[in-house]
Amino acid sequence: MALKVILLGTGDAFGSGGRGHSAVAVVHRGRTILLDCGASLLPAAEQVDLDLSGLVAVGLTHAHGDHIAGWPFLRLYYQYLHPRSEPLTLVGPPGVDRILDQLAKLLYPELDTQGPGYEVVFHPASDGSVVAVEDAELRAVAVTHQRDHPAVGYRLSWGGRTVAFSGDATWSEALVELASEADLFICECNDFEGTNPVHLSYRQLEAHANRFTCRELLLTHCGPDVLARQDELAWPIAQDGQVIEL
Ligand SMILES: [Zn+2]
């Protein structure tokens, strides 16, 4: 087993179906890279006994609350519960580091966002940018989400496997690129029908199904209408706490 993928939060912004906010942990030899950091990160990690002291990097897809609001709690965790000394790599659209600092200080003024004891090293993510973290490679692919709100998906290659994650996105060719030959593609599917300028619908994914060359595809960030029509879907819906070994 080269990689363990733990789906910590598979819900939309509203927590539809009782699901947590966006977070995926990818674990290789006891080291973890997190894709998105939704508000329910800490309880979700506790539920599956994920030890966050092995966290080496966080890749954020965009700065909406259901994807980043777990950050202040993660800082709190490292300040009080499990002090760390190792640097933490942060990857995300330009400016997200400032938003995270402001958010952490607003929610917990006593947080020391310059530490204590460890450094957060920020790498801005844009289309095609690659960040090396230990022996992993995190490649960003720009996706289309909210207007004037930069968003990326990621291809994380580690231990000979590739996990791709769309984050939030409406339809674009970037999704075909993200899925290309990936061992697992975790793709948002907010709506069942129609074309939403901000999110994907199942009908859009279905129309392009034969262009996805990933080995496995899981739907995430599903809204109520998708959850209500699970029997009609060609791909499974990711579940909170689900573990996939690649
Ligand atoms: Zn969003």
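Residues numbered from 1 in each chain as written. Predicted model: local features only at pLDDT ≥ 70, side-chain atom pairs only at ≥ 80, totals over all residues. Heavy atoms only, no water.

Enquirer: An account of the coordination of the zinc ion is requested, with residue identities and associated values reported.
Expert: Coordination of the zinc ion by the protein involves H62 (NE2), H64 (ND1), H145 (NE2) and D168 (OD), with metal-donor separations of 2.2 to 2.3 Å. Around the zinc ion sit four donor atoms, and with donor-metal-donor angles ranging over 92 to 168° the site reads as irregular. Spacing between the donor residues of the zinc ion along their common chain follows H-x1-H-x80-H-x22-D. Residue H64 is located in the loop between β4 (55–59) and α2 (65–68), and its partner H145 is located in the loop between β8 (136–143) and β9 (151–158); the two are separated by 81 residues in the primary sequence. Since its relative accessible area comes to 23%, H64 is described here as partly exposed. (Donors = N, O, S within 2.8 Å, 3.2 Å for Na, K, Ca; no water. Tetrahedral: all angles 85-135°; square planar, octahedral: opposite > 155°, others 65-115°. Helix = DSSP H or I, 4+ residues; strand = E, 2+ residues; numbered from the N terminus. Buried < 20%, exposed > 50% of the residue type's maximum accessible area, 1.4 Å probe, protein only.)

Enquirer: Explain the nonpolar core residue by residue, including any values.
Expert: L175, F185, L205, F212, L217 and L219 are the most contacted members of the largest nonpolar core, which has 29 residues in total. The set of elements that each furnish at least two residues to this core consists of β8, α5 (174–179), β11 (184–188), α6 (202–207), β12 (217–220) and α7 (224–227). Non-local contacts of F212, meaning those with residues more than four positions away in its chain, are made with W171, L175, V176, A179, F185, L205 and L217. L3, L218, A238 and I244 belong to the second largest nonpolar core, which has 28 residues in total. (Core = buried A, V, L, I, M, F, W, Y, C linked by side-chain atoms within 4.5 Å. Contact = heavy atoms within 4.5 Å.)

Enquirer: Which residues make up the pattern of salt bridges, and what values go with them?
Expert: Per the counting criterion, the structure on display carries ten salt bridges. In this structure, R31 and E134 form a salt bridge, with 2.4 Å as the shortest nitrogen-oxygen distance. You can see R31 sitting in strand β3 (residues 31–35) and its partner E134 sitting in the loop between β7 (130–133) and β8, a full 103 residues away along the chain. We classify R31 as partly exposed; its relative accessible area is 23%. Residue class for E134 comes out partly exposed when judged on its relative accessible area of 45%. A salt bridge links E173 to R211; the nearest nitrogen and oxygen atoms lie 2.5 Å apart. (Salt bridge = Lys/Arg side-chain N within 4 Å of Asp/Glu carboxyl O.)

Enquirer: A description of the sheet that holds strand β1 (residues 4–9) should follow, citing residues and the corresponding values.
Expert: One open sheet holds the seven strands; their spatial order is β6-β5-β4-β3-β2-β1-β13, and the pairing between them is mixed. The open sheet has two edge strands with one neighbour each: β6 (120–124) and β13 (243–245). On average, adjacent strands in this sheet sit at an angle of 20° to one another, irrespective of strand direction. In terms of strand pairing, strand β2 (residues 23–28) meets β3 through five bridges, oriented antiparallel. Counterpart to V27 in the pairing with β3 is T32. Sitting on the sheet, helix α3 (residues 71–81) touches β4, β5 (88–92) and β6, and the angle it makes with β4 is about 165°. (Pairing = 2+ DSSP bridges. Axes fitted to C-alpha atoms, helices over the stretch in contact; angles between N-to-C directions.)

Enquirer: Tell me about unusual backbone geometry, and please be specific about residues and values.
Expert: Of note in this structure, D36 is not a glycine but carries a positive phi near 70°. By the element assignment, D36 lies in the loop between β3 and α1 (41–47). A positive phi angle, close to 60°, is found at D49, a residue other than glycine. Along the chain, D49 turns up in the loop between α1 and β4. Classification of D49 by relative accessible area gives exposed; the value is 71%.

Enquirer: Lay out the sheet that holds β8 with the relevant residues and their values.
Expert: Read from one edge to the other, the open sheet built from six strands follows the order β7-β8-β9-β10-β11-β12, with strand pairing classed as mixed. Every other strand in the sheet has two partners, leaving β7 and β12 as the edge strands with one partner each. Strand-to-strand, the axes of this sheet are offset by a mean angle of 20°, without reference to chain direction. Alignment of β9 against strand β10 (residues 161–165), held across five bridges, turns out to be antiparallel. Looking across to β10, one finds that Y154 is bridged to F165.

Enquirer: Help me get a handle on the side chain of H28, residues and values and all.
Expert: For H28, the location among the structural elements is in strand β2. Within the local environment of H28, its side chain forms a polar contact with the backbone oxygen of A2, the two atoms lying 2.5 Å apart. (Polar contact = N/O pair within 3.5 Å; in protein donor to acceptor, adjacent residues only side chain to side chain.)

Geometry only, nothing functional implied.
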